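Chain by chain, the residues:
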Amino acid sequence: MVMARCRLHYLGKAATFNLLYAFPLLLIAARHGTLADIARPIAWAFTLWGTALYLWAAGLYLIQFRQLVRTPVVSAG
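If you're wondering where the values come from, they're calculated on a predicted model, not measured in any experiment.

### Digging into the overall build of the protein
(1) Moving on: Check the secondary structure of the protein and you find 2 helices and 0 strands.
(2) Moving on: Carbon and sulfur atoms form 71% of the exposed surface of the protein, whose accessible area is close to 6,400 Å².

See the structure below:
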């Protein structure tokens, strides 16, 4: 059996990191006060960067999938 190998990239992990910081900051930003005013732009920055990185990672995975599907399978035997 021939196993295909895909290269691992860390964009998805970076996106997860961003969103793990974004969600609690968005909860803080939903309140009123100075802390909320400080947290709001930081939370949205983490949210937008995390979303963009997830979309970028999805695009790379689709490219890798397409390359994998187009590669001919060679059976050993």
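### Some thoughts on the packing of aromatic side chains
(1) Moving on: Going through the model one piece at a time under the given rule, you end up with 2 aromatic pairs.
(2) Moving on: Taken together, a centroid distance of 5.6 Å and an interplanar angle of 25 degrees make the contact between Tyr21 and Phe46 stacked. With Tyr21 in helix H1 (residues 11-29) and Phe46 in helix H2 (residues 34-70), this pair connects stretches of sequence that are 25 residues apart.
(3) Moving on: Looking at Tyr21, the relative accessible area reads 44%, which means it is partly exposed.

### Describing H1
Because an α-helix completes one turn every 3.6 residues, residues spaced three or four positions apart along the sequence face the same direction.
(1) Moving on: Over its 19 residues, H1 extends 26 Å from the first C-alpha to the last, a length consistent with the 27 Å expected when each residue adds 1.5 Å.
(2) Moving on: Turning to H1, the residues buried within the fold contact H2.

### Digging into the pattern of salt bridges
(1) Moving on: A complete count under the given rule lists 1 salt bridge for this structure.
(2) Moving on: With a shortest N-O distance of 3.1 Å, Arg40 and Asp37 are connected by a salt bridge. Of the two residues, Arg40 and Asp37 are both situated in helix H2; the distance of 3 residues between them amounts to about one turn of the helix.
(3) Moving on: Under the relative-accessibility criterion, Arg40 is labelled partly exposed at 32%.

### Regarding the packing of H1 against H2
(1) Moving on: Two elements in contact, H1 and H2, have axes separated by 7 Å at closest approach and are oriented at 155 degrees. Judged by the inter-axis angle, H1 sits roughly antiparallel to H2. For the pair H1 and H2, the sense of crossing is left-handed.
(2) Moving on: The residue makeup of the contact of H1 with H2, split by class, is 23 nonpolar, 6 polar and 1 charged.

What counts and how
Residues numbered from 1 in each chain as written. Predicted model: local features only at pLDDT ≥ 70, side-chain atom pairs only at ≥ 80, totals over all residues. Heavy atoms only, no water. Helix = DSSP H or I, 4+ residues; strand = E, 2+ residues; numbered from the N terminus. Areas by Shrake-Rupley, 256 points an atom, 1.4 Å probe, with all protein chains shown as cover. Phe/Tyr/Trp six-rings, centres within 6.5 Å; stacked < 30°, edge-to-face > 60°. Buried < 20%, exposed > 50% of the residue type's maximum accessible area, 1.4 Å probe, protein only. Expected span 1.5 Å × (residues − 1). Contact = heavy atoms within 4.5 Å. Salt bridge = Lys/Arg side-chain N within 4 Å of Asp/Glu carboxyl O. Axes fitted to C-alpha atoms, helices over the stretch in contact; angles between N-to-C directions. Parallel < 35°, antiparallel > 145°, perpendicular 65-115°, else oblique. Left-handed = near helix turned anticlockwise from the far one by under 90°. Nonpolar A, V, L, I, M, F, W, Y, C, P; charged D, E, K, R; others polar.

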